[in-house]
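The residues making up each chain are set out below.
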Amino acid sequence: MRVFSKRPGWILGASLLLAGAASVRAIASPKDDVLRALHDASVRHSTDIHFPNRVGALGDPVAGQAKFGIAADGESPDDSQAIFEGQSSIAGTVVSNGRTCFSCHRPYERLGLPPPPLTDTIPLTDVLFTGLEADTGDEPLGFVNFNQLGLLFHRPGRFNPLLPPESPFRRVFFWRKSTPILNTVFTFGNLGDGRMRELTETARGAFMVHTQNGDLRFDDLLPLQDLRDVAAFMESQIDPPELAALLDPSDPLHDTLVDDPFHTVQATTPAEKRGQKLFAQNCMSCHDMPNVFSNRAHVNGPPLLFPPAYGHVMDIGVSQRNKHGLEFRRYDAGTGQRVPVVIPLVKIDGTIVPWTVTDDIGAAATTARYEDLHRFKVPQLRRVSELGPYFHDHSAATLEEVVDYFTSDWYNQSPDGRKHPIHLNAKQKADLVAFLKIL
Ligand code: HEC
Ligand code: HEC
């Protein structure tokens, strides 16, 4: 109790929002795993490979595709069933800007966006751009960073009902790529920083954020079944398709996929085979979900008593590098000036640190935990050759640049990179890239 009694209520609220509304217990020892499990003694930190509480199992993927904004052909936009607007008892009249999930998650781009600049392939008259104010508000860099870098302005605390209007956690923002939605069903924690526990929660937030300009929630226009259908559709995006066996312990292929992490990867050339070995030695300390290569660690609750599992996030130094020199001071439309955002973060020993935001602080913007600064989830790597540019801030254009990053000082001196140092010569790097290209 000692640690948490020092927290102002709204900070505690922010972390509970991430972790689920369970009772907060005293911390026995200041260890990260202990902190992650403290919300409920029956909740276990686990690397088990099973997915028992999937929300998508409660929805219909075909209905979900329509609500996502994709026509029955699986390719074209169709907004007829997707637009959420009307009279909300919470937000009043909600008028949609016409955007759907399709606007930023396109089927022929693995449910992501094409590489920037976006105007090379998407006309300025598209709702993607005409509705941009819903995301960027009056941020002057909103359009240029979205178009040139593919990074969308985002305030993670915008719809958090536990935060008072004046809370700096409502003002903190970041610039994020529109994540492809692929093998999400095997990845614990959603969004770049893993701040969403599951896909109905993520879909609800996405509908409220991207389709209108207000900051009021309109949960009553978003029936749970619609969100479950959209979640079911997103969970159905599995590639290669054999990976679906991981979801079902009774499937004959299940144990094979668990025991042979490369069962569905066909390394044939000598370079690919050497690359696979290098990947196993250097990368699988984090990308350890067999055949998917996201991260296995998660908090595992008892069935039906706790929200679905959420994952482990890591600081590998990407945001501190801030390769694009992104702006993190808030634009004040009244004065035309930039103002630093300062948020109170709570350290594990209970002290409160006023933190001036100068880069993307990752999970800490939601949990208010100092230890979560710059932490991001470990993404899945299947079909990764199609998913560039890479990292949450698009700071690596190619897989060669990704591998260069993982052998750089930025990585090796980062908090989680120090635990898993990586040093490769030029030939090894080329082999590793050859392997990544066949994933
Ligand atoms: C205006 C662009 C835009 C629209 C429209 C949009 N998204 Fe997203 N989506 C993003 C961005 C940007 C991210 C990454 C945000 C982050 O990392 O914080 C994202 C991430 C996600 C993720 C996380 C995937 C993962 O692997 O963690 C899911 C799921 C998702 N969106 C679902 C939806 C749904 C459902 C809709 C429709 C209701 C939607 N999105 C509409 C831009 C958009
Ligand atoms: C210490 C944990 C860790 C290790 C070791 C690690 N990664 Fe990652 N990896 C991450 C995290 C966390 C991210 C997300 C970073 C971000 O977006 O800011 C990531 C992102 C990536 C991405 C970007 C994927 C995308 O869609 O943007 C690729 C590719 C990747 N890693 C490949 C590798 C390779 C290859 C190795 C081995 C050389 C490796 N990783 C080792 C944690 C790790």
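To be clear, the structure that these remarks concern was listed above.
Conventions adopted
Each chain carries its own residue numbering, running from 1 in the written order of its sequence. For this description, chains carry letters from A and ligands carry numbers from 1, given in the order in which they are written. Two thresholds apply to this predicted model, a pLDDT of at least 70 for residue-level local features and 80 or more for giving and counting side-chain atom pairs, whereas whole-chain, interface and lining totals are computed over all residues. In computing side-chain properties, one takes all heavy atoms of the structure into account and sets aside hydrogens as well as water. Helical segments are the DSSP runs of H or I of at least four residues, strand segments are the runs of E of at least two, and each set is numbered from the N terminus. Buried residues are those whose accessible area, probed at 1.4 Å on protein chains only, stays under 20% of the maximum for their type, while exposed residues exceed 50% and partly exposed ones sit between those limits. Any two residues whose heavy atoms approach within 4.5 Å at even a single point are treated as in contact. The Shrake-Rupley method, run with a 1.4 Å probe sphere, supplies the accessible areas, and residue values consider only the shown protein chains as cover. Each metal's donors are the N, O and S atoms found within 2.8 Å of it, except that Na, K and Ca use a 3.2 Å limit; water is left out, so coordination can look incomplete. Any residue with a non-hydrogen atom lying within 4 Å of a molecule or strand is treated as near it. Pairs of N or O atoms within 3.5 Å make up the polar contacts considered here, provided that, within protein, one atom can donate a hydrogen while the other can accept it, and that residues adjacent in sequence are counted only when both atoms are side-chain atoms. Residue ranges assigned to each domain were obtained from an automatic or database domain assignment. The axes used here are C-alpha line fits, helices contributing only the stretch in contact, and every angle between their N-to-C directions lies in the interval 0 to 180 degrees. An angle below 35 degrees is treated as roughly parallel, one above 145 as roughly antiparallel, one from 65 to 115 as roughly perpendicular, and anything else as oblique. We call a crossing left-handed when the near helix sits turned anticlockwise from the far one by less than a right angle, and right-handed when that turn is clockwise. Only Asp, Glu, Lys and Arg are considered charged, only Ala, Val, Leu, Ile, Met, Phe, Trp, Tyr, Cys and Pro nonpolar, and every remaining residue, Gly among them, polar. At least two DSSP bridges between two strands are required for those strands to pair.

A. Structural detail: the overall build of the protein. Helix and strand content of the protein: 18 helices and 13 strands. In the protein, which comprises 439 residues, the share counted as buried stands at 54%. For the protein, the proportion of contacts with a sequence separation of at least 24, taken over those separated by at least 6, is 65%. Entry remark: accessible area of the protein is about 18600 Å², with carbon and sulfur atoms responsible for 55%.

B. Summary view of the coordination of the iron atom of ligand 2. You will see that the iron atom of ligand 2 has only one donor from the protein, His287 (NE2), lying 2.1 Å away. Residue position: histidine 287 is located in the loop between helix 12 (270–282) and strand 6 (298–300).

C. Spatial organisation of the environment of valine 378. Among the structural elements, valine 378 can be located in the loop between strand 13 (376–377) and helix 15 (399–406). In this structure, valine 378 is in contact with Thr187, Cys286, His287, Ser294, Asn295 and Met314, ignoring residues within four places of it in sequence.

D. Structural detail: the site of ligand 2. Around ligand 2, a shell composed of 26 residues is seen, among which Cys283, Cys286, His287, His392 and Phe406 lie nearest. Contacts to ligand 2 include phenylalanine 391, whose backbone N or O atom sits 2.9 Å from an oxygen atom. With respect to ligand 2, the side chain of histidine 392 contributes an N or O atom lying 2.6 Å from an oxygen atom. Put simply, the parts of the chain that give the shell around ligand 2 at least two residues each are strand 13, helix 15 and helix 18 (426–437). There are two domains that each give the shell around ligand 2 at least three residues, and those are domain 1 (2–52 + 300–366) and domain 3 (248–297 + 377–437).

E. Spatial organisation of the packing of helix 15 against helix 18. For the pair helix 15 and helix 18, the least separation of the axes is 10 Å and the interaxial angle reads 130°. In this view, helix 15 runs oblique relative to helix 18, as classed from their interaxial angle. Once helix 15 is placed against helix 18, the crossing between them reads as right-handed. Listed contacts from helix 18 to Leu399, Glu400, Val403 and Asp404 of helix 15 are Lys429, Leu432, Val433, Leu436 and Lys437. Residue composition of the contact of helix 15 with helix 18, by class: five nonpolar, no polar and four charged.

F. A look at the pairing of strand 12 (residues 352–356). The pairing of strand 11 (residues 342–346) with strand 12 spans five bridges and is classified as antiparallel. Among the inter-strand pairings, leucine 345 is bridged to a residue of strand 12, identified as valine 353.

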